[in-house]
Every structure is written in structure tokens, then in C-alpha cells.
Amino acid sequence: RAAEDSRRIKELTNIIQELKGNIRVFVRVRPLLQGIENEDATSCIDCLKDDQLLLKNKINTKFEFEKVFGPNDTQSVVFNEIKPLATSLLDGFNVCIFAYGQTGSGKTHTMEGPADDPGVNYKILEEIFANVADRRDLFTYELNVGVLEVYNENLVDLLSDDKKKKIDVSITPTGVSVPNLTLTTVTDYQTTVGVIRKGLRSRNVGKNNLNEASSRSHSVTVVQCTCTNMSTNTTTTSKLYLVDLAGSERLKRTGTSGDREKESVLINKSLSALGDVFSALSQKSLHVPYRNSKLTSLLQDSLNNENGSKVLMLVNINPCVESAPESLCSLNFATRARQIELEKNKKVISCK
Ligand code: ADP
Ligand code: MG
């Protein structure tokens, strides 16, 4: 069993190495929830294979991604496919993992998860600490964790007691940083869980028609990694970003006005800026428009193909029929982020 696991991990690591610089897109379709208004008993998504799904809207549309997780796939099944990225971080690559989707589609479940069923944020740290222990004869690692949110194009330091403290992205020839961001040095898994949970608990949440406490901000957990090779005494640095994006729903469905409307406009702007960056990267464009939003400015040295960054987009889907139009938009966003020939998908319909 252990040998089989290790063979599978090697195989996955190879696949990931081959895809170096590529953006990978996984889709996760959550279960229909019992007793929730507007969630009727029929799903508009069929997961056909482990890399294909069918969206049954007015017309049926088939989509293909690197991986499709269905309603019965557990946090562990999802994480198994993500695990090699922990090794990538410790090998010196920058890694970005995003959860994308409309409010209520399962982004926070996937990244955070309930305390008794932790998501990617925690599973990847557990894996990182296990790898650090395995490598201790050859390398020493220092890990620093920061938690922040991007709200209305401003950064908020979620680990600082002073929420009014101004922090911003600084771009210099040596890289991107956020001076004054509170960073906590972590040496074990349990402490790290506490640090991240504390930060994420102070996220800015608002109310709109789609979900009572929908997140109107992008939350970003960063793990900065400094590796010292003890035989050569050289150090390398890398960063892991874990991003729970703001809800991708379009403005007209949320019925917002005033501050909430301003938020929605900025959210849409920053998500489309992210989509533009993905699309430029996957087409290997010479110009990648990182500077069009705060989030892409912050992440630019970790999204960059040239330095071998690994980018994983987890697109979350609410399968209820009422959400079909939003699901179509999310699947189109995901398709655009991938480097694939459009013919592969039977039909790609604009959701503008
Ligand atoms: P989002 O962060 O995208 O707004 P949530 O993660 O809060 O969405 O999920 C909305 C609801 O669906 C929550 O009640 C969550 O517990 C539930 N949920 C999401 N994904 C799953 C899943 N894979 N299995 C079981 N419940 C889920
Ligand atoms: Mg959420």
C-alpha cells in the first residue's frame, strides 16, 4: 500500500514537473444541500469522467479539465491531487492555489473546511511539515505565515491587531513584497493551524441576497519558505499562496446598491484582471497585465511562468439548476485559464 502510494506520488510529481509553468484547472462540484431554499433535488451537472463534466442548461455543454471532482469526493481525495505542490514549494518553486466560484459554491469548504474536515490550507501545511522532517538531514527550513485580505483593492493585515494599519504591495527589481505585513514564524502544524484560523476569522464579510455571510474580499494566506542547503550553505526562498477568492457572481443577481455595489464592481474588476493574467500566461503573451489589480500585483512573481511557478485553479460549482448560468460563467472562466484548443470543448458560450 505504502509502495503504491509512493509510486503514485512520484507519477503525479512527474506530471506536475512536465506541466511546469502551466496553469492547471481542477473543478469541484459540491453536493446539493438538504433543506436549502432554491436547491431543488436535481443537479444540472453530470460528472462524466474524472476529467469531464456535462452542464445541462438550455443546451448541454461538455467541458474537460485536468481533473473533475464530484459531489462524493472528499477533502482527502481532492488533496491527494494537490499534494505534490507541497514538494514543489520546498524544492524552491512559488506556488499559487486559488478557489474560484460563485458565493455558496464551496470555495471556503475546499480551502478552509470545517474544523473536523480540514481543507487544502491545512492539509498542505501538514504535508509541508512532514516533508521538512523527512529532509532534515540535508536541509533546514524556516517558514513564515501571513494572512491578509484584498478588500476593495486595499490590503488588510489579518494578523495585525491594528486593522487600520496601512499595508501595500511593493514591487522592486528584487521581487514583490508587502512591507509591514505581520509574519509569524511557524515550526509545527498545530501552531500554524491556530495562526491561520485566527487570521481568517477576521475576514471582512458582508450580506447580500445570495448568501448571508458571503465573502466580498479575497483572502490570502502566504507561507514564505527559506531553505538552507546544509552541505553547500546556500539558501533559496519560495512562497506558497492560498487564495479564497471573492464570489464570482455577476452584479445583477446580487441585487446590491451603495457600498455593496461598489464592492461588487471592484470584485468583478479584480476577477477579470486575474482571468486576463491567466489567459496571457497560457498564451505565452509577451505582456502579462499584472498591474491591473491589487491581487495580480501581489501575486505576480508567483504566477510567472518563467521562474517555474505552479498555479492551480480550483473552480467550485454549485450544481443546483438555478445556478446553471453562474456555473456556465465559472466553467468558461476555467476554460479560458487553461492552455487548450477550444475545439476540445463541444461548445464555449460567452456569458457576457
Ligand atoms: P463559498 O465559500 O464558495 O461561498 P462555502 O464553502 O461556504 O461556499 O459552501 C457553501 C455551503 O456548502 C456550506 O454550507 C458548505 O458547508 C457546503 N459545502 C460546500 N462544499 C461542500 C462539499 N464538498 N461537501 C459538503 N458540503 C459542502
Ligand atoms: Mg466563502
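All of these numbers come straight from a predicted model, not from anything done at the bench.

A. Focus on the UniProt feature "binding site: ATP" (unreviewed entry) in the protein chain. According to UniProt, the feature "binding site: ATP" (unreviewed entry) maps to Gly101, Gln102, Thr103, Gly104, Ser105, Gly106, Lys107 and Thr108 in the numbering used here. With respect to the element layout, Gly101 can be found in the loop between β6 (95-100) and α4 (107-111). With 29 C-beta atoms counted inside 10 Å, the residue Gly101 sits in the buried group. Among residues more than four places away in sequence, those in contact with Gly101 are Gly106, Lys107, Ser248, Val315, Asn316, Ile317 and Ser330. With respect to the helices and strands, the residue Gln102 is situated in the loop between β6 and α4. Judged by the 25 C-beta atoms lying within 10 Å of it, Gln102 is buried. If we skip the residues at most four places from it in the chain, Gln102 touches Gly247, Ser248, Glu249, Asn318, Ser323, Glu326 and Ser330.

B. Quick peek at the pairing of strand β1 (residues 23-29). Most of β1 is tucked away: seven of the seven residues are buried. Burial of the side chains of β1 extends over both faces: Ile23, Val25, Val27 and Val29 are buried on one face and Arg24, Phe26 and Arg28 on the other. Strand direction decides the pairing type here: β1 and strand β14 (residues 310-317), joined by seven bridges, are parallel. Residue Val27 lies in a different strand from β14, and its bridge partner there is Val315.

C. The nonpolar core, seen in detail. Core analysis: the largest hydrophobic core is formed by 81 residues, its most contacted members being Val27, Ile97 and Met313. Sequence-distant contacts of Met313, that is, excluding residues within four places in its chain, are made with Ile23, Val25, Phe98, Tyr100, Ala334 and Ala337.

D. Region of interest: the confidence of the model for the protein chain. Overall, the prediction assigns the protein chain a mean pLDDT of 85, with 86% of residues at 70 or greater. Confidence, expressed as mean pLDDT per element, reaches its minimum in the protein chain at helix α7 (residues 251-254) with 56 and its maximum at helix α2 (residues 75-80) with 98. Contacts from residues 206-214, a stretch scored under 50 in pLDDT, to residues over four places away or in other chains number 24 contacts. Below pLDDT 50 for its whole length, residues 340-352 participates in 16 contacts with residues either more than four positions away or in separate chains. Scoring of the predicted complex yields 0.88 for pTM and 0.99 for ipTM.

What counts, and at which threshold
Residues numbered from 1 in each chain as written. Chains lettered and ligands numbered in written order. Predicted model: local features only at pLDDT ≥ 70, side-chain atom pairs only at ≥ 80, totals over all residues. UniProt positions renumbered as here; feature names shortened; annotations may be inferred. Helix = DSSP H or I, 4+ residues; strand = E, 2+ residues; numbered from the N terminus. Buried ≥ 20, exposed ≤ 12 C-beta atoms within 10 Å, placed from the backbone. Contact = placed C-beta atoms within 7 Å. Pairing = 2+ DSSP bridges. Core = buried A, V, L, I, M, F, W, Y, C linked by C-beta atoms within 7 Å. pLDDT = per-residue confidence, 0-100.

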